[in-house]
Every structure is written in C-alpha cells, then in structure tokens.
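Notes for the structure review
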Amino acid sequence: MKVSILGSGAYGLALRHILVNNKINVCSWTYSEEECKNLIKTKKSLKLKDYELNGEINITSNMEECVKDSGLVVVAVPAFAFEETIKNLKKYINKNSIVLIATKGIEQNKCLFLDEIFTLYLKNKFGVISGPTFAEDIIKNSSIGFSLATKYKEVDYVVRSCFENKTTKFRTTKDVRGIEICGSIKNVMAIASGMLSGMNVTDSTRALFLTESMNDIKELIKYLGGKKKSILSFAGFGDILMTCTSIKSRNYSFGYLIGQGASQEEINKYLENTTVEGMYTLKSIHKLVRKKKVKMPIINLIHNIIAGKKEKEEMLKFLIEK
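What comes next is a walk through the structure. (Residues numbered from 1 in each chain as written. Predicted model: local features only at pLDDT ≥ 70, side-chain atom pairs only at ≥ 80, totals over all residues. Heavy atoms only, no water.)

**Observations concerning the packing of helix 11 (residues 250-260) against helix 12 (residues 264-273)**
Packed helices, taken two at a time, are described by their axes: the angle between them and the distance between them. Short version of the rule: Interaxial angle, 0 to 180 degrees, is taken between N-to-C directions of lines fitted to C-alpha atoms, where a helix line uses only the stretch in contact. The helix count covers DSSP runs of H or I at least four residues long, the strand count covers runs of E at least two residues long, and both are numbered beginning at the N terminus. To sort the angles, those under 35 degrees are grouped as roughly parallel, those over 145 as roughly antiparallel, those from 65 to 115 as roughly perpendicular, and the leftovers as oblique. The criterion used for residue contact is that any of the two residues' heavy atoms lie within 4.5 Å. Residue type decides the class: Asp, Glu, Lys and Arg count as charged, Ala, Val, Leu, Ile, Met, Phe, Trp, Tyr, Cys and Pro as nonpolar, and the leftover types, Gly among them, as polar.
For the pair helix 11 and helix 12, the least separation of the axes is 10 Å and the interaxial angle reads 170 degrees. Judged by the angle between their axes, helix 11 and helix 12 are roughly antiparallel. Only Glu266, Ile267, Tyr270 and Leu271 of helix 12 make contact with helix 11, whose side of the interface consists of Arg250, Ser253, Phe254, Leu257 and Ile258. The class makeup of the residues in the contact of helix 11 with helix 12 is six nonpolar, one polar and two charged.

Right, dumping it as structure tokens:
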C-alpha cells in the first residue's frame, strides 16, 4: 500500500520515518517547492537538527502526484493550514482512500474541530492520532504510544498495519471529540506551565497546576460531547504530562520566556522563528468557550496574560482561589 503524508515539517518527517522503517511505500508532500528541492538534495531539514532522511526520498510539491493511488493519506500540516490543505486534497483524493489526521488544533475562524472541517469537504473514512510523541524522539526509534480515534474498523486496521512496530503502540477509541480536545488544549496548557517554570515556582506548584488543568479539561471534554475517560489516554494525561514539563516543547519554551519576563522583542523573535501551535489554539479555544458559554476561566486568564491585560503572577493567585 502507498501512504501519502501531507506536510514535511518535523512531525510529518517523523511519521515518515516510522513508515519507511516499516518498509511502507511513502510519498511526502510540501507546499514549498524550495523545501522540496532542499530535502531531495540534502536529505536534511532545518526542522529536525542532525537528522538525515531514511530510505528512498520520495517528496514532491505536487499534491495530485503525491496522493495518486494512495490507500492512506496522513495530514500533518499546521492547524492554520489544515482547511486549505483539505480543500486542495478534495480535488485529487480517491474516494476509497483513508485519511489520518495528525494535525492538532481548532480552526480559528469557524471555531470547528478538525474532524468537523474535514467532513465539510470530504466523505472518506478517517481517524485522528494524538499522543506524547516529540518528533525528535520518534526519529530516535524511542518507544512511543498513540491514541487512535476512529469510528471505522477499517481505519484502525490500516493505520496499525502501516505504523505499528516494536517501538510504536496504538490504543484505539471511538471518542474522536475527546481525543481532539486533549490534543489541542494541551499546547495551551504547556504555555501556562512554561510560564510557571519561568517564574521559578516549585515542583509542588507545577503539580497543582497540572492537576487542576486535567480536571478542567475533563469537564470540557464532557461538555463538548466527548468521553471524560479520554483524559487518561495517551492523548490526554500522556501528552499533557510530556508537553507541560519538557523544554523540548515549543509551547512550554514560549511560556518559559514569558514567565522569565522576556521583552516583547524577544517574544516576537521567538514567534517569528518558531511554530507555537498553542498560540493559534489559544485564540481558537478562547473564542470557542465564549461562544459555547463554557466556564473555563484558566483559558481566559492565559489569554489575558499573553495579551498583556493581566500580570503573570495572577496565575498563582488563580490556582489557589479557583
């Protein structure tokens, strides 16, 4: 079976790494012709330091060419590019191809989850993967776990057949909404966790924050139609624990800058050079909870701190008084 990966950022290349190791025929797509030429020529990406692409290099900037005759299409583009990518994919995808959504986030303008955006344009069977899986750990062949959310047995079978191996594990659930919420909001919580670390709080305070965050996310999952138990999945507890405590997380590192009291110039420079998915998702989730009239004051507080409307020290007061 041919597998296509849309997106050649760090995560898309890491997923490609697993497939190539599994002897799967893979074609990767990037929107940038320049990036395509560079990957083919050098076998390296600036997004994955010191990593040389494994196996045969089959990369193109032509989406039609990439998805032709593909049994599985993996979408691993940034959240802000997801809808446009799906619009273009509609022109070329075979109706029998399975789609795996590896992007995390919530669409900003419509306040829709990515599976909702997907079904606006396509009727293909699909699944969503999420979990504590840094790209740089995947390419080291570390043991990792994914949550796979799908309502189709065929999707479960195909994804496992392509990706599972001695270091890659899947747990399947039908709770697409719960897994998407976990995968999206953990990036926002990682920014807040980084802020606290930048403020040099104790481990006890960080544990207080993570516990309160888990409970808030669990209630949000229930309110938005997911299953509360998804908070204990790889996408939930696993990814929250990893992303909210590791300097490898770009969201955590961004929050750390703010917590340390970095200047606006330093913050802007970081955002210019680094994709911080949590910033995009923060705007989306802030808009969504207001639209749905959901009480989630931690989101409002994080939003206001980053917007300069509240001081970062308000976080400590909030954790005790909430």
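So, next bit.
**Regarding the side chain of Ser45**
Under the convention used in this document: Burial status follows relative accessibility: with a 1.4 Å probe on protein chains alone, a residue under 20% of its type maximum counts as buried, one over 50% as exposed, and anything between as partly exposed. As used in this structure description, the phrase polar contact means that two N or O atoms lie within 3.5 Å; if the pair is within protein, one of them must be able to donate a hydrogen and the other to accept it, and residues adjacent in sequence are counted only when both atoms belong to side chains.
Tracing the backbone through its elements, the reader meets Ser45 in strand 3 (residues 44-45). For Ser45, a relative accessible area of 10% gives the class buried. Side-chain polar atoms of Ser45 contact the backbone nitrogen of Lys47, separated by 3.0 Å. When sequence neighbours within four positions are dropped, the list of residues in contact with Ser45 reads Leu13, Leu39 and Tyr51.

**Brief notes about the sheet that holds strand 10 (residues 168-173)**
The test is simple: Two strands pair under a simple rule: DSSP has to find at least two bridges between them.
The strand order 5-2-1-6-7-8-9-10 describes an open sheet built from eight strands, whose pairing is mixed. On the outer flanks of this sheet lie strand 5 (59-60) and strand 10, each paired with one strand and no other. The pairing of strand 6 (residues 72-75) with strand 7 (residues 98-101) spans four bridges and is parallel. Bridge pairing in strand 7 places Leu72 opposite Ile98. In this fold helix 5 (residues 114-121) packs onto strand 7 and strand 8 (126-130), with an angle of close to 150 degrees to the strand it touches most, strand 7.

**Overview of the state of the cysteines**
Note the threshold: By convention in this document, the label disulfide applies to cysteine sulfur atom pairs within 2.5 Å.
One pass over the structure, following the stated rule, counts zero disulfides. Cys27 provides the cysteine sulfur closest to Cys36, a residue in no disulfide bond, and the two sulfurs are 8.8 Å apart. For Cys36, a relative accessible area of 7% puts it in the buried group. Free of any disulfide, Cys111 has its nearest cysteine sulfur in Cys182, 19 Å distant.

**Some words on the pattern of salt bridges**
Cut-off, in case you're wondering: The salt bridge definition used is simple: a Lys or Arg side-chain nitrogen within 4 Å of an Asp or Glu carboxyl oxygen.
Summed over all chains, the structure comprises 15 salt bridges. Across the pair Glu219 and Lys228 runs a salt bridge whose closest N-O atoms are separated by 3.6 Å. On the basis of relative accessible area, Lys228 is assigned to the partly exposed category, the value being 32%. Between Lys312 and Glu313 there is a salt bridge, and its shortest N-O distance comes to 3.6 Å. Linked through salt bridges whose partners overlap, the residues forming this network are Asp115, Glu116, Arg177 and Glu180.

**Describing helix 10 (residues 234-243)**
Taking burial as the measure, the ten residues of helix 10 include seven buried ones, the bulk of the element. Those residues of helix 10 that are buried are in contact with strand 8, strand 9 (144-150), helix 8 (176-198), helix 9 (203-223) and helix 11. Capping of helix 10 at its N-terminal end is provided by Ser233; its side-chain oxygen lies 3.2 Å from the backbone amide nitrogen of Ala235.

**Digging into the pairing of strand 9**
Selection criterion: A clockwise course of the path from the first strand over the helix to the second, judged with the strands pointing away from the viewer, identifies a crossover as right-handed.
The buried fraction of strand 9 amounts to seven of the seven residues, a majority that puts the element mostly inside the structure. By the alternation rule, side chains of strand 9 split into Ile144, Phe146, Leu148 and Thr150 and Gly145, Ser147 and Ala149, which are all buried. In the sheet, strand 8 pairs with strand 9 via four bridges, with the strands oriented antiparallel. When the bridges of strand 9 are listed, Gly127 appears paired with Thr150. In this structure, strand 9 lies alongside strand 10, joined through six bridges in parallel fashion. Across the sheet, residue Ile144 finds its bridge partner in strand 10, namely Thr168. Considered for its hand, the β-α-β crossover made up of strand 9, helix 7 (residues 153-163) and strand 10 is right-handed.

**Regarding the packing of aromatic side chains**
Here is the rule: Each Phe, Tyr or Trp ring (for Trp, its six-membered ring) is paired with any other whose centre lies within 6.5 Å, and the angle between the two planes then decides the class: stacked below 30 degrees, edge-to-face above 60, tilted in between.
For the coordinates displayed, the defined rule picks out five aromatic pairs. Relative to Tyr270, the ring of Phe254 lies with its centre 6.1 Å away and its plane at 20 degrees, an arrangement referred to as stacked. Within this pair, whereas Phe254 is found in helix 11, its partner Tyr270 is found in helix 12, the two being separated by 16 residues in sequence. Both residues of the pair, Phe254 and Tyr270, count as buried. Linked through ring pairs, Phe118, Phe126 and Tyr152 together constitute an aromatic cluster.

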